[in-house]
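# Structural characterization, general
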Amino acid sequence: MSYAIIGSGAIGGALAKQFARSKIKAVITNRRGPASLEDALQAFAPTVSAAEATDAMNAEVIILAVPFGAVGEVAELRGDWSGKIVVDATNAIEFPAFKPLDLGGRPSSQVVAAQFEGAKVVKAFNTLPAAVLADEPRRSEGHRTIFVSGDHADANERIASLVTSLGFSPITLGRLGEGGLLQQFGGPLAVHSLIKQR
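The following paragraphs examine the structure supplied in this document. Note that the structure is predicted; figures quoted are calculated from it, not measured.

### Quick notes on the overall build of the protein
Along the protein, the regular secondary structure elements total eight helices and twelve strands. For a compact globule of 198 residues, the expected C-alpha radius of gyration is about 16 Å, and the protein comes in at 16 Å, within 12% of that figure. Counting across all 198 residues of the protein, residues that qualify as buried make up 49%. Nonlocal contacts in the protein, meaning residues at least 24 apart in sequence, comprise 68% of its contacts between residues at least 6 apart. Here the protein has roughly 9,200 Å² of accessible surface; of this, 52% comes from carbon and sulfur atoms.

### So, helix H8 (residues 176–183)
Along H8, the residues classified as buried are Leu176, Gly179, Gly180 and Gln183. Along the axis of H8, the buried positions cluster into a sector of 100 degrees, meaning they face one direction only.

### A few points about the nonpolar core
Phe19, Ile63, Phe125 and Ile159 are the most contacted members of the largest nonpolar core, which has 34 residues in total. Elements supplying a minimum of two residues to this core: strand E1 (3–6), helix H1 (10–21), strand E2 (26–29), strand E4 (61–64), strand E5 (85–88), helix H6 (130–134), strand E10 (142–150) and helix H7 (153–165). The dominant element in this core, judged by the number of residues it contributes, is H1, at five residues. For Phe19, the contacting residues outside a window of four places in its chain are Tyr3, Ile5, Ile24, Lys25, Ala26, Thr47, Val48, Ile63, Leu162 and Leu166. Formed by 23 residues, the second largest nonpolar core is a distinct cluster that contains Ala56, Leu64, Leu103 and Val121.

About the criteria used
Residues numbered from 1 in each chain as written. Predicted model: local features only at pLDDT ≥ 70, side-chain atom pairs only at ≥ 80, totals over all residues. Heavy atoms only, no water. Helix = DSSP H or I, 4+ residues; strand = E, 2+ residues; numbered from the N terminus. Rg over C-alpha atoms; globule rule 2.2 N^0.38 Å. Buried < 20%, exposed > 50% of the residue type's maximum accessible area, 1.4 Å probe, protein only. Contact = heavy atoms within 4.5 Å. Areas by Shrake-Rupley, 256 points an atom, 1.4 Å probe, with all protein chains shown as cover. Arc of directions from axis to C-beta. Core = buried A, V, L, I, M, F, W, Y, C linked by side-chain atoms within 4.5 Å.

Okay, structure coming up:
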């Protein structure tokens, strides 16, 4: 599998660190272009490298680590997302109130999925604060957990396998309308750092 992290902010940087730590190759991109990432990626080279956004879209797994409001811009980079797994690591937050964005009762990942026509969208990597996500996932008492939700079992399995490869313990919650609601911002599983004992 090939992986691209879209966004180089706190969550994107945390994911890049985990990919490098686990020696899993990935590319990362942002609006400002590869040159803006050179210094930040020195510690992660050659495992994680910078790419142009259009090149990053060629990866099999696209991880959205952008603000929720920027998801549409990413979706417009391709006309057809068939064959791609899009991992929604975003949180729909209304600023400056810092409360869940009103989406009319729809799970935020269903809103995301509607913009990526043909893609298999999986919700993951969004419940841990960036500093915790960047930390060593293997603890003396077990492994930090990452929740996984999506409407396609095969995509859920692939992302759960990635989660394991990164050193976390995946917990698959089912479909976006069920598990996705539990893990989205404002849901009962958001911002909880749970340890799964092995």
